[in-house]
Amino acid sequence: MTAPLHNKDTRQKSLSSNPIPPHSVFIHGPSVAFADEATDGRAYFRQGVALQYLGRHADALAAFASGLAQDPKSLQLLVGMVEAAMKSPLRDSIEPTYQKLQKMNLDKSPFVVVSVIGQELVSHGAYGASVVVLESGLKIGTCSLKLRGSVFSALSSAYWSLGNSEKSVAYMQQDLEVAKTLGDQCGECRVHGNLGSAFFSRGNYREALTNHRTQLVLAMRLKDREAASSALSSLGHVYTSIGDYPNALASHKQCVLLARQSQCRLSEARQLGNVGAVYTALGDFANALQCHEQHLDVAKTLGNRREEARAYSNLGSAYHSQRDFDKAVSYHTRVLELAQELSERVFEMRAYAGLGHAARCMQMRGEYDKALELHKSHLSLAQELGDYAAQGRAYGNMGNAYNALGLHDQAVRYHRQELQISLEVNDRPSQASTHANLGNFHSCRGEYAQALPYYQNYLSLSPGLQDLETAGKIFHNQGYAYYCLGQYRDAIR
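Residues numbered from 1 in each chain as written. Predicted model: local features only at pLDDT ≥ 70, side-chain atom pairs only at ≥ 80, totals over all residues. Heavy atoms only, no water.

Engineer: Explain helix α13 (residues 265-282) to me, and be specific about the residues and the numbers.
Structural biologist: Between its terminal C-alpha atoms α13 stretches 26 Å, which fits the 26 Å expected from 18 residues at 1.5 Å a residue. The set of residues buried in α13 consists of S267, E268, A269, Q271, L272, G273, N274, V275, G276, V278, Y279 and T280. Buried residues along α13 sit against α11 (225-241), α12 (245-261), α14 (285-302) and α15 (305-321). Within two residues after α13, G283 carries a phi angle of roughly 80 degrees, on the positive side. (Helix = DSSP H or I, 4+ residues; strand = E, 2+ residues; numbered from the N terminus. Expected span 1.5 Å × (residues − 1). Buried < 20%, exposed > 50% of the residue type's maximum accessible area, 1.4 Å probe, protein only. Contact = heavy atoms within 4.5 Å.)

Engineer: Account for the pattern of salt bridges, naming residues and giving values.
Structural biologist: Scanning the entire structure with this criterion turns up 17 salt bridges. In this structure, R91 engages E95 in a salt bridge whose closest nitrogen and oxygen atoms are separated by 3.3 Å. You can see R91 and its partner E95 sitting in helix α4 (residues 91-103), four residues apart, about one turn around the helix. Residue R91 is classed as partly exposed on the basis of its relative accessible area of 40%. A relative accessible area of 27% places E95 in the partly exposed class. Of the charged contacts, one joins E341 and R305 as a salt bridge, the two residues approaching to 2.7 Å between their closest N and O atoms. One end of the pair, E341, is in helix α16 (residues 325-342); the other, R305, is in helix α15, and 36 residues separate them in sequence. Taking relative accessible area as the criterion, E341 reaches 47% and is therefore assigned partly exposed. By relative accessible area, R305 is classed as partly exposed at 34%. Linked by salt bridges that have partners in common, R260, R265 and E268 make up one network. (Salt bridge = Lys/Arg side-chain N within 4 Å of Asp/Glu carboxyl O.)

Engineer: Pulling in residues and values, what's your account of the environment of D284?
Structural biologist: By the secondary structure assignment, D284 is in the loop between α13 and α14. Taking the relative accessible area as the measure of exposure, D284 reaches 28% and is therefore partly exposed. Here the alpha-carbon distance between D284 and A318, two residues 34 residues apart in the chain, equals 9.6 Å. Among the polar contacts made by the side chain of D284, one reaches the side chain of N287 at a distance of 2.8 Å. (Polar contact = N/O pair within 3.5 Å; in protein donor to acceptor, adjacent residues only side chain to side chain.)

Engineer: Account for the confidence of the model for the protein chain, with residues named and values stated.
Structural biologist: Chain-level statistics for the protein chain give a pLDDT mean of 87 and a share of 90% at 70 or above. Residue range residues 1-32 is modelled with pLDDT below 50. Its contacts to residues more than four positions away, or to other chains, number 88 contacts. (pLDDT = per-residue confidence, 0-100.)

Engineer: Explain the packing of α4 against helix α5 (residues 110-123) to me, using residue names and the numbers behind them.
Structural biologist: The contact between α4 and α5 brings their axes to 11 Å, and the two run at 160 degrees. Judged by the angle between their axes, α4 and α5 are roughly antiparallel. Judged by the sense of rotation from one axis to the other, the crossing of α4 with α5 is right-handed. For the pair α4 and α5, contact is made by S93, I94, T97 and L101 and by V112, V116, I117 and E120, respectively. Of the residues in the contact of α4 with α5, the class split is five nonpolar, two polar and one charged. (Axes fitted to C-alpha atoms, helices over the stretch in contact; angles between N-to-C directions. Parallel < 35°, antiparallel > 145°, perpendicular 65-115°, else oblique. Left-handed = near helix turned anticlockwise from the far one by under 90°. Nonpolar A, V, L, I, M, F, W, Y, C, P; charged D, E, K, R; others polar.)

In structure tokens form, the structure reads like this:
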């Protein structure tokens, strides 16, 4: 689930959290230690000017904001900050907003100016500096709950982009409290969606379900079809992750209906893909292929090549599940071609993963070597994109390839790396497969006592995976290990 952390925000545009572009236009040097709290405003001012002179505009703005947090009445710092913003890459977006503030006589309010600039830094991808600026705004303070809420929202976005989910969630919760106090149900709906997505990414599915269900209730109360669709789609992904496929299927099917009612073909295409993915998980390949073909048809009608790539990827996965590896390879190859044409690194990574998995399953020596190279490409892209969970899965696939090549010591090293990452990101399917692989490794070496805990860990995770075939194999392997250890009662059980 690619978590849409920020849906609609009904606050004033000048103080609302904006969608975040993927990279910053700022020039960043080494991190700056800002003047300490005992220093007067002149030191912050000099620091800001120096950083501005070096072209480090975001850090300069952070220095001015830090000074204002200590001395909110300093006109020199306030004017310096505004001038620095106007000479930075923020100018095009900040100038119209600042002119509005002048008309409203808010251009001399340090909280408002600092908050607006901080949120512009977020929208330009300068997350580290934006955190310093926005938290300085909170230190300056305001009597307006609505304005404080907008800063909490922006800070949650900035910390999320910095990978600090704990602080991000803390600010989301403060944003939610403000929305409740103000009776802002649109705001509540938005924050519950963000919290649900955050908890989902952390593997806390109980809290994710609670928040997305609340999001759905509020969206229906507000008659907000877009928010309701977002909530249902998110619920579908959570249900899939916990193995509750009937509810996942129902949620995604409702999304398809909403998309058709809204005549939003792009949303319809994506939701058809989600429905097809659930059918694949259920082993209903006929319906899965039908949904993915419909997804592809809509994507082609729209001329949306990125959506085409998603549909081809889903078709590849469905054929792989049917063990039709030749067709799986043909579709994943098409994904790779589109990804390289579109310079879409995420799709390219998925294509390498699919091709590597298919090559390994073809069970030919030459294909194992090819699979290993494909999995290495998958790992390289996952590292480049900072996708930690994908890195873990790539390590696991590389371990499987090394195992197939008979290089068991190398295989186990990669499986242990996958296990470490899967535990950190709470990727339960990866944890389960790694426990199974490590158990098999020890069994092959005759180390049955070491194998048993891994088999037991797999079986404790298996109820949520809906993979009866693999669970049956692990029960067999566990029984054989007990037999070899002379523990016949446990083997029979």
